[in-house]
Amino acid sequence: MISNRLHQSSFWQKLSKPRGSDSSLETEESPLFRILVQTLVIVGIIATDIATESTTSFWAVPLSIIGGIWSWYRRKKRNVGAKFVIAIGMLVVLAVFLGNIVSMQDSRVSLARLLIQLQVLHSFDLPRRKDLGYSMMIGLILIGVAGTISQTIAFAPWLILFLLLAIPTLVLDYRSRLGLERIDNRLNLSFSRKNNANRSRSVSPLSGSLLAPKKLGIFFLAILLFGLAIFALLPRFPGYQIQSFPVSGPEGMENQDFQRGERQIVNPGYVREGQGTGTNPGQSPTSGAGKMDSTFYYGFNSKINQNLRGQMTPKVVLRVRSQAPGFWRVLAFDRYTGQGWEVSREQQAQDLDRSRWSFRFFVPLPSTRAKTRQIVQSYTAVSQLPNLIPALASPQFLFFPTRQVSIDAENSLRSPAGLTDGLTYTVISQVPERDRTALGAAPKQSPRSIQKYYRQVPEAIEAKVRQKTEEMLAKSPKPLTSDYEKVLFLAQALKQNYQLKTDLPFLKDGEDLVEAFLFRFEGGYGDHFATALTIMARSIGIPARLTVGFAPGQFNPFTGFYVVKNTDAHALTEVYFPEYGWFAFDPIPGHDLIPPSFEEAETFGVLKQFWHWVAGWLPSPVTGFLGWVWETAIGAIGTVVGWLWRFMTESLIGGIIAAIFGVGLGFLGWLAWKPLSRWVRGRQLAKYPPIERLYRQLLDTLREKGQGKHPAQTPLEYAAAIRSIYPEPVAAIVEEISRAYVDWRYGDRSADVNYLRGRFAQLSKSVRK
């Protein structure tokens with residue numbers, strides 16, 4: 001008996017431990033595992049191509065497939081010559097990678113290309129499981145890099161496909177690590193030799209695993225739903241976001257600077273008295289009646305003409321990733337011309353140079369007493385734009401690919417070249433906080449330099465506009481004592497008393513825009529509202545200027561980018577408050593009175609944006625009901641969770657309480673884990689036939705005592721192994737139940753389940769004792 005048990009023990013050791021002399025045991029022999037790994041890498045390569053808008057997959061995918069086939073047929077060879085060639089190839093791609101790092105290319109794109117090239121070389125030498133593991137890791141890194149670079153939802157299907165392939169790949173990898181495939185194959189071979197009659201009934205090595213289509217589908221859906229839930233509920237805290245500063249541009253752009261002091265603005269739609277290259281060349285003059293270009297915004301120029309009529313055709317121009325929404329400011333104007341605006345100090349722009357070893361420009365910050373918040377933004381141009389650089393207010397650092405940039409007297413940034421498709425740059429702004437109380441108490445006396453340029457009003461209309469402004473302010477239900485309250489009230493009054501008009505006639509020669517807006521048309525285009533508010537503020541002694549830029553755009557909750565169109569461009573009024581600086585107001589009907597800023601960034605903003613996206617597809621009654629649920633229930637939960645998070649992270653007492661709460665929650669979870677797992681296991685066992693349920697209960701009971709069944713053991717072999725551990729009464733019950741299960745499973749014989757349940761109860765008592 002003892003010698004028989006020793007023989008069985010050595011048999012299992014031989015099966016579970018590979019011999020060093022048998023080199024085939026180190027070779028991965030599963031074709032399915034190899035195919036899945038290869039497919040996983042191909043998906044990563046294609047996803048990277050889609051994210052970077054390149055064509056690497058056209059050569060990388062075929063070569064990778066050829067390499068995989070080669071390595072399969074040569075898996076048991078030493079392949080010394082091939083390894084030598086692969087080593088040389090790796091040195092070459094490393095040199096190319098280092099060259100790309102010092103050039104204009106995005107470091108993430110360079111890393112992705114390096115990994116693809118290494119994978120193609122690596123695919124020609126994949127004999128062992130760990131070699132396939134390297135390929136799996138490269139595929140995971142590629143899909144991760146594609147996720148950070150992708151700016152559209154086109155990446156999502158490839159991510160889902162990658163997840164669908166990754167689940168069975170990890171299952172096969174885990175089985176290979178445990179040596180289960182090798183043991184299953186040997187056992188099947190041994191048993192088939194002993195019993196040829198039962199060869200056709202041998203159980204597949206993969207039966208019961210996650211590779212079964214039903215289990216694979218359930219597991220995939222569970223992971224997908226769980227991931228989406230985490231994505232939607234995950235708090236967004238700007239202070240904890242990783243700050244990455246991507247910069248890239250066309251080849252040769254890094255050497256561009258301003259030639260011969262020329263820093264003029266180049267707008268393709270409005271160049272040199274309408275002789276531009278836009279959609280309406282020659283019809284968009286900088287003065288007098290004319291037609292707007294349908295692609296390029298007329299306000300991005302050193303001189304703008306607000307006597308143009310028409311509208312733009314919507315077109316995506318920017319994708320912006322920012323820690324907070326805001327008005328992507330482009331340009332500001334100080335001189336009012338009667339029918340438009342111009343930059344009076346065009347020649348006072350200051351050049352900024354960067355280091356040869358960095359793309360970072362230091363931008364001078366305007367002085368302010370206001371508290372500021374650092375906001376990081378990354379911009380990617382999707383189509384051609386003028387050589388003006390959009391950024392949030394008060395940029396401090398600019399990461400831009402040219403050798404020089406320029407900043408004008410209005411704190412607007414300019415580039416030596418236009419923004420072209422694919423250009424990416426990053427801005428770090430110190431955005432001032434909008435404290436209404438502090439701005440209301442700001443001094444009223446502005447510096448002379450401010451009064452000189454930002455209080456100019458044409459004499460012909462000054463008295464008339466001032467009278468109209470004072471009439472509006474007199475309608476306030478309470479006295480307005482501060483400049484901030486006055487401008488805020490005027491902006492709201494313009495929204496309520498004047499209308500947006502798209503069929504506005506042209507201004508007459510010499511007719512003033514603001515006068516016509518207030519008294520003749522009683523409304524106008526959106527930008528006319530900003531012009532009117534600016535001049536009205538100036539008429540009562542408040543310094544103001546016109547600013548143009550882009551609204552935040554449409555936020556995509558799946559990509560994290562704000563999608564900005566050319567039709568998002570519009571004008572605002574910026575008002576100067578002594579000691580605090582410039583703050584914007586938006587008088588256009590339908591717009592928020594105060595442009596969005598970091599004060600409106602919410603902890604659960606992505607979940608809210610996702611809800612807005614979903615609500616756009618639902619009927620109005622359903623949207624109304626769900627909106628009420630959101631405001632009352634989910635909104636309250638988000639507020640409470642946000643308050644708790646701030647309490648736990650912003651004070652020492654809160655951190656201690658959070659630690660105590662976490663320990664207590666973990667202890668309660670530990671206490672509840674075993675009953676919960678037993679309940680779940682009971683629900684699972686209820687699906688099996690009675691005899692199989694009883695046998696699985698037997699295995700669970702012995703597993704809890706540290707005597708689990710090896711997957712390669714048959715029920716009878718396991719019962720024989722138990723005899724060396726437990727006394728004869730217990731071993732007899734195990735053998736009796738095991739034999740009844742085998743007879744039912746493979747011999748179609750019925751079993752006395754009630755009798756066996758009684759025997760199992762006896763075993764349970766004995767084992768517990």
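These figures come from a predicted structure and were not determined experimentally. (Residues numbered from 1 in each chain as written. Predicted model: local features only at pLDDT ≥ 70, side-chain atom pairs only at ≥ 80, totals over all residues. Heavy atoms only, no water.)

### Thoughts on the environment of Met312
Test applied: Counting from the N terminus, the helices are the DSSP runs of H or I reaching at least four residues and the strands are the DSSP runs of E reaching at least two. Residues count as neighbours in contact if any of their non-hydrogen atoms are within 4.5 Å of one another.
Considering the arrangement of structural elements, one finds Met312 in the loop between β3 (308-309) and β4 (316-322). A C-alpha to C-alpha distance of 7.6 Å links Met312 and Tyr297, two positions 15 residues apart in sequence. What Met312 contacts, discounting residues up to four positions off in sequence, is Asp293, Ser294, Thr295, Phe296, Tyr297, Asn566 and Thr567.

### Some points on the pattern of salt bridges
Put simply, the test is: For this analysis, a salt bridge means a side-chain nitrogen from Lys or Arg found within 4 Å of a carboxyl oxygen belonging to Asp or Glu.
Scanning the model with the defined rule gives 20 salt bridges in all. Lys444 serves as the salt-bridge partner of Asp483, at 3.6 Å between the closest nitrogen and oxygen. In this pair, Asp483 sits in helix α13 (residues 483-497) while Lys444 sits in the loop between α10 (436-440) and α11 (448-454), placing the two residues 39 residues apart along the sequence.

### Observations regarding the sheet that holds strand β21 (residues 569-577)
As a reminder of what qualifies: Here the rule is simple: two strands pair whenever DSSP picks up at least two bridges between them. Every axis corresponds to a line fitted to the C-alpha atoms, with the helix fit spanning only the stretch in contact, and the corresponding angles, defined between N-to-C directions, vary from 0 to 180 degrees.
Pairing is antiparallel in the open sheet, where four strands are placed in the order β5-β18-β21-β22. Here the strands that pair on one side only, and so sit at the sheet edges, are β5 (328-333) and β22 (581-585). Across the sheet, the axes of successive neighbouring strands diverge by a mean angle of 40°, strand direction being ignored. As defined by bridge partners, strand β18 (residues 544-550) adjoins β21 across seven bridges and the pair is classed as antiparallel. Opposite Leu546, over in β21, you have Thr573 as the bridge partner. Against the sheet, helix α15 (residues 526-539) contacts β18, β21 and β22, and its axis sits at roughly 155° relative to β18.

### Observations regarding the sheet that holds strand β8 (residues 350-353)
Hydrogen bonds along the backbone pair up the strands of a sheet, which may run parallel or antiparallel. Read from one edge to the other, the open sheet built from four strands follows the order β8-β13-β14-β11, with strand pairing classed as antiparallel. Two strands lie at the open edges of the sheet, namely β8 and β11 (388-389), each paired on one side alone. Bridge count for β11 against strand β14 (residues 413-414) is two bridges, and the pairing is antiparallel. Across the sheet, the residue bridging to Leu388 is Arg414, located in β14.

### A word on the environment of Gln264
Convention followed: Partly exposed residues are those whose accessible area sits between 20% and 50% of the maximum for their type, while under 20% is buried and over 50% is exposed, using a 1.4 Å probe and protein chains only.
Structurally, the position occupied by Gln264 is in the loop between α9 (213-233) and β1 (290-291). A relative accessible area of 45% places Gln264 in the partly exposed class.

### Some details on unusual backbone geometry
Phi at Ser394 is positive, roughly 60°, even though this residue is not glycine. Assignment of secondary structure puts Ser394 in the loop between β11 and β12 (395-399). Of the residues examined, Ser394 reaches a relative accessible area of 14% and is grouped as buried. Unusually for a residue other than glycine, Asn411 sits at a positive phi of about 65°. Mapping Asn411 onto the fold places it in the loop between β13 (404-407) and β14.

### Comments concerning a positive patch on the surface
Selection criterion: Only residues whose relative accessible area exceeds 30% and that form no salt bridge are eligible for patches; like-charged ones are grouped when within 9 Å, while nonpolar side chains (Val, Leu, Ile, Met, Phe, Trp, Tyr) are grouped when within 5 Å. Accessibility throughout is a Shrake-Rupley quantity obtained with a 1.4 Å probe, and a residue counts as covered only by protein chains that appear here. Positive residues here are Lys and Arg, negative ones are Asp and Glu, while His and the chain termini are left out of the count. Here the site of a charge means atom NZ of a Lys, CZ of an Arg, CG of an Asp or CD of a Glu.
Taken together, Lys674, Arg678, Lys705 and Arg768 make up a surface patch of like positive charges. Structurally, the position occupied by Lys705 is in the loop between α19 (690-704) and α20 (715-722). Taking the relative accessible area as the measure of exposure, Lys705 reaches 41% and is therefore partly exposed.

### So, the confidence of the model for the protein chain
Counted only if it meets this: Residue-level confidence of the predictor is summarised by pLDDT, bounded by 0 at the bottom and 100 at the top.
Per-chain confidence: the protein chain averages 80 in pLDDT, with 81% of residues scoring 70 or above. Scored below 50 in pLDDT, residues 1-25 shows 24 contacts in the model against residues more than four places distant or in partner chains. When the criterion is pLDDT under 50, residues 237-243 qualifies, and its contacts beyond four places in sequence or with other chains add up to eight contacts.

### Quick look at the UniProt feature "transmembrane region" (unreviewed entry) in the protein chain
Operational definition: UniProt positions are given in the numbering used here, feature names are shortened, and annotations may be inferred rather than shown by experiment.
When the UniProt feature table is mapped onto this chain numbering, "transmembrane region" (unreviewed entry) sits at residues 32-51, 57-73, 80-102, 138-167, 216-234, 625-645 and 651-673. Annotation note: span residues 32-51, helix share 100%, strand share 0%, distance between end C-alpha atoms 29 Å. Between the first and last C-alpha atoms of residues 57-73 the distance is 24 Å; the span itself is 100% helix and 0% strand.

### Concerning the nonpolar core
Side chains that are nonpolar tend, in soluble globular proteins, to be buried together. As a reminder, the rule being used: Residues enter a nonpolar core if they are buried and are Ala, Val, Leu, Ile, Met, Phe, Trp, Tyr or Cys, with the set joined through side-chain atoms within 4.5 Å.
With 96 residues, the main nonpolar core has Leu318, Tyr379, Leu398, Phe400, Leu494, Phe550 and Phe577 as its most contacted residues. Ala51, Val61, Leu126 and Leu172 belong to the second-largest nonpolar core, a separate cluster that totals 31 residues.

### Quick notes on the packing of helix α12 (residues 459-474) against helix α14 (residues 513-521)
Put simply, the rule reads: Oblique is the label for every angle not falling under 35 degrees (roughly parallel), over 145 degrees (roughly antiparallel), or within 65 to 115 degrees (roughly perpendicular). Here a crossing is taken to be left-handed if its near helix is turned anticlockwise relative to the far helix by less than a right angle, and right-handed if that turn runs clockwise.
Between α12 and α14, whose axes approach to 11 Å, the crossing angle comes to 40°. Looking at the two axes, α12 sits oblique to α14. Note that α12 runs across α14; the crossing there is left-handed. The residues of α14 that touch α12, namely those facing Ile461, Lys464, Val465 and Lys468, are Val514, Glu515, Leu518 and Phe519.

### Some words on the packing of aromatic side chains
Filter applied, for reference: Two rings from Phe, Tyr or Trp (for Trp, the six-membered ring) form a pair when their centres are within 6.5 Å of each other. A pair whose planes differ by under 30 degrees is stacked, one over 60 is edge-to-face, and the rest are tilted. Whether a charge sits over a ring depends on NZ of Lys or CZ of Arg being within 6 Å of the ring centre and within 35 degrees of the ring normal.
Overall, the coordinates contain 22 aromatic pairs when judged by the stated rule. Ring geometry for Tyr336 versus Trp341: centroids 5.2 Å apart, planes at 55°, classification tilted. Connected via pairs of aromatic rings, a cluster forms that spans Trp328, Tyr379, Phe400, Tyr425, Phe555 and Tyr562. Over the ring of Tyr453 we find Arg345; its NZ or CZ atom is 3.8 Å from the centre of that ring. A cation over an aromatic ring shows up here: Arg696 above the ring of Tyr688, its NZ or CZ 4.3 Å from the ring centre.

### Re the packing of helix α2 (residues 31-52) against helix α3 (residues 57-73)
Note the threshold: Residues are grouped as follows: nonpolar covers Ala, Val, Leu, Ile, Met, Phe, Trp, Tyr, Cys and Pro; charged covers Asp, Glu, Lys and Arg; every other residue, Gly included, is treated as polar.
Following both chains from N to C, one finds α2 and α3 inclined at 165°, their axes separated by 10 Å at the closest point. Taken together, the axes of α2 and α3 are roughly antiparallel relative to one another. In the packing of α2 onto α3, the handedness of the crossing is right-handed. Contacts from Pro31, Arg34, Gln38, Ile42, Ile45, Ile46 and Asp49 of α2 reach α3 at Ser57, Ala60, Val61, Ser64, Ile65, Gly68, Ser71 and Trp72. Its residues placed into classes, the contact of α2 with α3 shows eight nonpolar, five polar and two charged.

### Side note on the side chain of Arg538
Worth spelling out the cut-off: Under this definition, polar contacts are N or O atom pairs within 3.5 Å; protein pairs additionally need one hydrogen-donor-capable and one acceptor-capable atom, and for neighbouring residues in sequence, both atoms have to be side-chain atoms.
With respect to the helices and strands, the residue Arg538 is situated in helix α15. Of the buried charged residues, Arg538 lacks a salt bridge, with Asp334 as the closest side chain of opposite charge at 6.4 Å. A polar contact of 2.9 Å, which involves the side chain of Arg538, links it to the backbone oxygen of Gln456. Ignoring any residue separated from it by four or fewer positions in sequence, one finds Arg538 in contact with Asp334, Tyr336, Trp341, Tyr453, Tyr454, Arg455, Gln456, Val457, Ala544 and Arg545.

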